[in-house]
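For reference, the chains in residue letters:
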Protein chains: 2
Amino acid sequence: MDAYLDNGNTTPVDKRVVEAMEPYFTEKYGHPLFIYSKGKEAHTAVEESKDYIAETVGAKGYSVMFTSGATEANDLALRGVAKAKHTEGNHIITSNIENPSVLRICEELESEGFDVDYLEVDEDGFVDLDQLQKLVSEKTILVSIGHVSGEIGTIQPISKIGKIIRDENPAVLFHSNAAASYGRVPIDVREAGVDLLSISAHKIHGPKGVGALISKEGIDIEPVNYGYLSLSELRPGTENVPGTVGFQKAAELAFENFENKTEHIIGLRDRMMNGIENSIPDVVLHGPKGKNRSPTNVNYSFKNIEGESILMHLDARGISVATGSACATRKLEPSHVLTAIGVDPVVAHGAIRFTLSRMNTEEEIDYTLEVLPEVVEKLREMSPMKNR
Amino acid sequence: MDAYLDNGNTTPVDKRVVEAMEPYFTEKYGHPLFIYSKGKEAHTAVEESKDYIAETVGAKGYSVMFTSGATEANDLALRGVAKAKHTEGNHIITSNIENPSVLRICEELESEGFDVDYLEVDEDGFVDLDQLQKLVSEKTILVSIGHVSGEIGTIQPISKIGKIIRDENPAVLFHSNAAASYGRVPIDVREAGVDLLSISAHKIHGPKGVGALISKEGIDIEPVNYGYLSLSELRPGTENVPGTVGFQKAAELAFENFENKTEHIIGLRDRMMNGIENSIPDVVLHGPKGKNRSPTNVNYSFKNIEGESILMHLDARGISVATGSACATRKLEPSHVLTAIGVDPVVAHGAIRFTLSRMNTEEEIDYTLEVLPEVVEKLREMSPMKNR
């Protein structure tokens, strides 16, 4: 059998999402900017998607800007705010376990003269709130902290972070990249004090090529891309109408019976974690245990072997997983997140991330728990490190 | 019956394109950056799409960068080259009939200190080649001239333009926005001397949300968006794998039996033009006649009435068309293209653009030719301008 356990990178599109998109490919294909019936039909679909998605994060009245994905949403949030607010200050705060997308954008901002501080995290990946409090100053314009670590599953105390920022300097904008959590770990942007939220469709069984930046009304953001504006005030180009409809449908399916789904996923996660800890010696869990760990994330290092070898052997048995640094599988650096939480580089190289979704089954977990110990044992037998 | 005659704005997705995409939604959903089987499968699909699309414009060996659409491709070409070459010069040449997407990007470049010249065009929309020759200087870094005018159908003498640029200053890069022509009017980028070509899927019965910038190998382009790079060296974010597969399929269908398809579309265009000229008095054709007019474009002003009224009345009869300035239907300015070719603003307001595709039929044209004269006559009866 097959087991797809890399849902943190991308997910299969739910058949009901494909069905929802189909009419917008072949029948309701109008350009949403145009005032004839076919245009209005498309316009209505895009606006409904915006409204629906806003409500799923408590962002009624916020603006939803569809983008090509969370990466573009992050770029628009970070560089767009930096450009708009550069006369107010040049200081930005993020953390050293952000998604590479956010870190690359921050590198670019540094090269443009912005001063970026990277918060440290503890051994479970929680950002240092005291450090945050000390760093927020009159010069700070933006704080960007991901809601959940896609790599080790840490759910940040986002409301506490929002409160610290507001207490220290209410003019600072708070951005959160929620690509690793949207539709899986609830967030209420008003309650959390989040001004800007990045989300993605293809992480929740929606289509690739669609994301959104949700932003509080009245926030000043400069565009990062130029061209003719269709429906958006900031993001040029023809809206991906079927994509936005698919995003809405994926969100509907994610939030429908949310508690049952979460219970199902947590059941799988804990089955997986118990299974690994009970059947494989010399494993190291990365990230927290319990309620502050994302239901979808399991991440262990298997000592004395390489994550990449495990990945290849599991793949040969139909199981898809990611190595330590999920976004960097073509680059053999140890994961920046594992480094940040203090994992020894040798151990970090043996990390495997399993990411679950509502579509996974107990059978897939049990199959993986059958194959994984064999693979680990075999690789350890062959390992030059085995006698260390 | 219905007649969709606004294919220049967007097109219905061909059912075969939807079928080609479907497996990449629900089965072959891997992330193309990842090295397990599902990732490789997606990687292969994206690379095959690139190769196929490059060959359709004689660009074998060129780099194909998938984007969210032609707008983003234009942005990457223009601002990407401007940023990369600003130390060599600050002069850019375009024309005053470019797509609003290109013109907005040029406005932004002007605000950043670049010196942009807008070539004039003659009454049929052909750019002034003498003016081009005089303007290309040592300071020029980029020329951007659209292959075909989406609004009035003018096919620019792109090879002559390429030659003039190379003769005057071989270091200048030549970009052409081919969103209005790709898959409908052939282009060979090597023969034409085009270094950068922007194309779009949703104009050729492919999906919205996918475009590409095709660029000659070795050209220095700076990114305009930042984030983690997946397969592209320049454009961050997860590739829209089903989108690229759909783009390839749409291109295959566009180029299959290309001559027969072109003959069919030209037949419809000429039937439409003859029908209008023979049955409706006081009409003014915009753009050239004959082989230098795009097979897909018909654009007439109907004197003494408003294009928008015609559009609404045709829409009520199931016929979708665009008014003069196709991209600006929510803004009541006269079309910048019609202004550039010297059309009186009053006449420009009565312009209607009909854009055809391989999926249109004689029946649709005949139905339109039955309805349109009635609509025009009725509106003229009611028009306050009728006695002018």
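What you see is a predicted model; the values in this text were computed from it and never measured. Position labels on residues start from 1 in each chain and follow its written sequence. For this description, chains carry letters from A and ligands carry numbers from 1, given in the order in which they are written. Where local features are concerned, this predicted model is filtered to residues with pLDDT of at least 70; where side-chain atom pairs are given and counted, the filter is 80 or more; whole-chain, interface and lining totals use all residues. Processing note: side-chain calculations cover all non-hydrogen atoms of the structure and skip hydrogens and water entirely.

Caption draft 1: Expanded view of the relation of the copies chain A and chain B. The two copies are related by a screw motion: chain A maps onto chain B through a turn of 180° and a shift of 0.0 Å along the axis, at an RMSD of 0.0 Å. Viewed as a symmetry operation, the transformation between the two copies matches a two-fold axis. Taking C-alpha positions as reference, the residue of chain A nearest the rotation axis is A:Ser68, located at 3.0 Å. In this assembly, 100% of the residues forming the interface of chain A have copies in chain B that are likewise at the interface, indicating an isologous arrangement. Alignment of the copies relies on least squares applied to C-alpha atoms, considering only residues that score at least 70 for pLDDT in both. Throughout, a residue-residue contact means that at least one pair of heavy atoms, one from each residue, lies within 4.5 Å.

Caption draft 2: Quick peek at the sheet that holds strand β5 (residues 140-144) of chain A. All names here are of chain A. Spatially, β2-β8-β7-β6-β5-β3-β4 is the arrangement adopted by the seven strands of the open sheet, whose pairing is mixed. Strands at the two margins of the open sheet, each flanked by one partner only, are β2 (63-67) and β4 (115-119). Each adjacent strand pair in this sheet contributes to an overall mean axis angle of 20°, direction not counted. In this fold helix α3 (residues 70-85) packs onto β2, β3 (91-95), β5, β6 (173-177), β7 (196-200) and β8 (211-215), with an angle of close to 165° to the strand it touches most, β6. Here a strand pair is declared whenever DSSP counts at least two bridges between the two strands. Helix and strand assignments follow DSSP, with helices taken as H or I runs no shorter than four residues and strands as E runs no shorter than two, numbered in order from the N terminus. Axes here refer to lines fitted to C-alpha atoms; in helices the fit is confined to the stretch in contact. Angles between the N-to-C directions go from 0 to 180 degrees.

Caption draft 3: Inspection of the packing of aromatic side chains at higher detail. Residue and element names in this part refer to chain A. Pairs were defined over the aromatic rings of Phe, Tyr and Trp, the Trp ring being its six-membered one, requiring ring centres within 6.5 Å. Orientation was assigned from the angle between planes: stacked under 30 degrees, edge-to-face over 60, tilted for the rest. Under the criterion given, the structure shown has twelve aromatic pairs over all chains. With a centroid separation of 6.2 Å and 20° between ring planes, the pair formed by Phe34 and Tyr36 is classed as stacked. Here the two residues Phe34 and Tyr36 agree in accessibility, since each one is buried. Three or more aromatic residues joined by ring pairs make a cluster, and in this case those are Phe66, Tyr182, Phe247, Phe255 and Phe258. The rule for a charge over a ring is simple: NZ of Lys or CZ of Arg within 6 Å of the ring centre, and within 35 degrees of the ring normal. Here the guanidinium or amino end of Lys38 rests over the ring plane of Tyr29, the centre of that ring lying 4.6 Å away. When a residue's accessible area, from a 1.4 Å probe over protein chains only, is under 20% of the maximum for its type it is buried; when over 50% it is exposed; and in between it is partly exposed.

Caption draft 4: A look at a negative patch on the surface. All names here are of chain A. Patches here: salt-bridge-free residues with over 30% relative accessible area, like charges joined within 9 Å, nonpolar side chains (Val, Leu, Ile, Met, Phe, Trp, Tyr) joined within 5 Å. Using the Shrake-Rupley algorithm and a 1.4 Å probe, accessible areas are obtained, with residue cover drawn only from the displayed protein chains. Salt bridges are identified by distance alone: a Lys or Arg side-chain nitrogen within 4 Å of an Asp or Glu carboxyl oxygen. Counted as positive: Lys and Arg. Counted as negative: Asp and Glu. His and the chain ends are not counted at all. Taken as the charge centre is NZ of Lys, CZ of Arg, CG of Asp or CD of Glu, depending on the residue. A cluster of acidic residues, Glu120, Asp122, Glu123, Asp128 and Asp130, forms a negative patch on the protein surface. With respect to the secondary-structure elements, Asp122 resides in the loop between β4 and α5 (129-135). Here Asp122 falls in the partly exposed class, since its relative accessible area comes to 37%.

Caption draft 5: The sheet that holds strand β10 (residues 297-302) of chain A, seen in detail. All names here are of chain A. The strand order across the open sheet formed by four strands is β9-β10-β13-β12, and the pairing between neighbours is antiparallel. The two strands at the open ends of the sheet, each matched to only one other strand, are β9 (283-285) and β12 (322-323). In this structure, β10 lies alongside strand β13 (residues 351-355), joined through five bridges in antiparallel fashion. Bridge assignment links Tyr300 to a residue of β13, and that residue is Ile352. Against the sheet, helix α9 (residues 258-279) makes contact with β9, β10 and β13, and its axis sits at roughly 15° relative to β10, the strand it touches most. Seen against the sheet, helix α10 (residues 307-316) touches β10, β12 and β13 and runs at an angle of roughly 45° to β13.

Caption draft 6: Inspection of the packing of α10(A) against helix α13 (residues 362-382) of chain A at higher detail. Residue and element names in this part refer to chain A. Contact pair α10 / α13: the axes reach a minimum separation of 10 Å and the direction vectors enclose 130°. Classified by the angle between their axes, α10 and α13 sit oblique to one another. For the crossing formed where α10 meets α13, the hand is right-handed. Residues Ser309, Ile310, His313 and Leu314 of α10 lie in contact with α13, whose contacting residues are Val371, Leu372, Val375, Lys378 and Leu379. Basically, the charged four are Asp, Glu, Lys and Arg, the nonpolar ten are Ala, Val, Leu, Ile, Met, Phe, Trp, Tyr, Cys and Pro, and anything else, Gly included, counts as polar. Each residue belonging to the contact of α10 with α13 can be placed in one class, and the counts come to six nonpolar, two polar and one charged. Note that the term roughly parallel is reserved for angles under 35 degrees, roughly antiparallel for angles over 145, roughly perpendicular for angles of 65 to 115, and oblique for everything else. Left-handed describes a crossing whose near helix is turned anticlockwise from the far helix by less than a right angle; the clockwise case is right-handed.

Caption draft 7: Representation of the nonpolar core. In these notes, a set of buried Ala, Val, Leu, Ile, Met, Phe, Trp, Tyr and Cys residues joined through side-chain atoms within 4.5 Å is what counts as a nonpolar core. Counting 154 residues, the largest nonpolar core has A:Phe247, B:Phe247, B:Phe302 and B:Phe354 as its most contacted members. Ranked by the residues each element gives to this core, the list is headed by helix α13 (residues 362-382) of chain B, at eight residues. With residues up to four places along the chain from it excluded, the contact list for B:Phe354 reads B:Leu5, B:Met272, B:Ile276, B:Thr296, B:Asn297, B:Val298, B:Phe302, B:Leu314, B:Val321, B:Thr368 and B:Leu372. Among the nonpolar cores identified, the runner-up in size contains 35 residues, and A:Ile265, A:Ile280, A:Tyr300 and B:Tyr29 belong to it.

Caption draft 8: A look at the interface of chain A and chain B. Every contact between the two is made by 64 residues of chain A and, on the other side, 64 residues of chain B. Once two parts are brought into contact, the accessible area they lose, counted with a 1.4 Å probe and summed over both, makes up the buried area. For the pairing of chain A and chain B, the buried interface totals around 5500 Å² over both sides, and the portion due to carbon and sulfur atoms is 60%. Counting the surface chain A buries against chain B, the share from its top three residues, A:Tyr36, A:Tyr226 and A:Tyr228, is 15%. At the boundary of chain A and chain B, one finds zero salt bridges. Looking at the side of chain A that touches chain B, the elements that each hand over two or more residues are α1 (15-26), α2 (37-56), α3, α4 (100-111), α8 (241-255) and α10 of chain A.

Caption draft 9: Just the side chain of B:Ser200, in detail. All names here are of chain B. The topology assignment puts Ser200 in strand β7 (residues 196-200). Judged by relative accessible area, Ser200 falls into the buried class, the value being 3%. The residues contacting Ser200, other than those within four sequence positions of it, are Ala70, Ala179, Tyr182, Val210, Gly211 and Phe247.

That's the geometry; what it means functionally is another story.
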